[in-house]
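Each chain, letter by letter, is given below.
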Amino acid sequence: MRFTSYYLLLLFSLWATHVIAKAPDILLAHLYQQGLDVRQYLVSEKLDGIRAIWDGQQLISRQGNPIHSPAWFIKDFPTQPLDGELWIGRGQFELLSATVRQSVPEDAAWRQVAYYVFELPNTEGSFAARAQRIEQLIRKAHSPYLKAIKQFHVPNEQALKRTLDSVVAKRGEGLMLHRADAPYIIGRNHALLKLKPQLDAEAKVIAHVPGKGKYVGKMGALLVEMPDGMQFKLGTGFTDAERENPPPVGSQVTYTYRDITKKGKPKFASFLRVRPQE
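Below is a short write-up of the structure. In this text the structure is predicted, and so the values were computed from the model without any measurement.

**Observations concerning unusual backbone geometry**
No. 1: The residue arginine 171 is not glycine, and still its phi comes out positive at about 70 degrees.
No. 2: The topology assignment puts arginine 171 in the loop between α6 (157–169) and β8 (174–179).
No. 3: Phi at phenylalanine 268 is positive, roughly 55 degrees, even though this residue is not glycine.
No. 4: Residue position: phenylalanine 268 is located in the loop between β15 (266–267) and β16 (270–274).
No. 5: In this structure phenylalanine 268 comes out as exposed when scored by relative accessible area, which is 58%.

Right, here's the structure in full:
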């Protein structure tokens, strides 16, 4: 069967789209460490959303793929490139992810979403100046789907901790700290820091899951059971020695995690230690 010009053009278009897609250069955060002078930073809530870049015409993901938002959602966005987070609200990441993944956007779902801006790519001046510019751009745009992430100062680490506790108590994910005097930077840099709580809990070892790849012949994960009967695989946080001699079935282990999914399972669970027998 011979390909027509139409099919050749279609195949080339699909190939070009795959090749051209390139992850945008963006600023990535380091973890916050105690002892910093927090007065040098602007603080904002860390949203449990999806990072998105507005290039002046469309929204693209961190991987460089187009995000298929409705035309009305971006209608009043400025031509100025923006960096921000698509967000619905605290504890709504799964709903947001399902909405953003759709190749044909669903209007009703997208009306719950907003684009929260926290950076102006390739703009001169300090971050504090750019934060003010963001607020000006958004006021001028008059779009109900375009918002500025609130930036604020805290006087000391005690105030930072109180702010974190307040955000987490409301099911927030954590805080971001951005050097107020930092120029626009890309790549992973200490000009941007993230501060998140680490929770821990106990679970009973039900079984050892065999390892694969470099862990062949060793334990790959523990199948553990929470006190409410929920089971999940715990596969990170182990040393090689612990994989060779894993916690025995029936023992209690402590693991850390960041949040709980709607199905009741811990997010980003990591093994911490075997709980001593009492």
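Next comes the rest of the write-up.
**Notes on the environment of lysine 267**
No. 1: Tracing the chain through its elements places lysine 267 in strand β15.
No. 2: Note on lysine 267: relative accessible area 17%, which makes it buried.
No. 3: Here the alpha-carbon distance between lysine 267 and threonine 256, two residues eleven residues apart in the chain, equals 9.2 Å.
No. 4: Leaving out residues up to four positions away in the same chain, lysine 267 has contacts with Asp48, Tyr257, Arg258, Asp259, Ile260 and Thr261.

**Quick notes on the packing of aromatic side chains**
No. 1: Applying the stated criterion across every chain, the model contains eleven aromatic pairs.
No. 2: Considering the side-chain rings of phenylalanine 73 and tryptophan 110, the 4.9 Å spacing of their centres and the 70 degrees angle between planes classify their relative orientation as edge-to-face. Here tryptophan 110 lies in helix α4 (residues 107–110) and phenylalanine 73 lies in helix α2 (residues 71–74), a separation of 37 residues in the sequence. For the pair phenylalanine 73 and tryptophan 110, one class covers both residues: buried.
No. 3: Where phenylalanine 77 meets tyrosine 115, the ring centres are 5.9 Å apart and the plane angle is 20 degrees; that geometry is what we call stacked.

Thresholds applied
- Residues numbered from 1 in each chain as written.
- Predicted model: local features only at pLDDT ≥ 70, side-chain atom pairs only at ≥ 80, totals over all residues.
- Heavy atoms only, no water.
- Helix = DSSP H or I, 4+ residues; strand = E, 2+ residues; numbered from the N terminus.
- Buried < 20%, exposed > 50% of the residue type's maximum accessible area, 1.4 Å probe, protein only.
- Contact = heavy atoms within 4.5 Å.
- Phe/Tyr/Trp six-rings, centres within 6.5 Å; stacked < 30°, edge-to-face > 60°.

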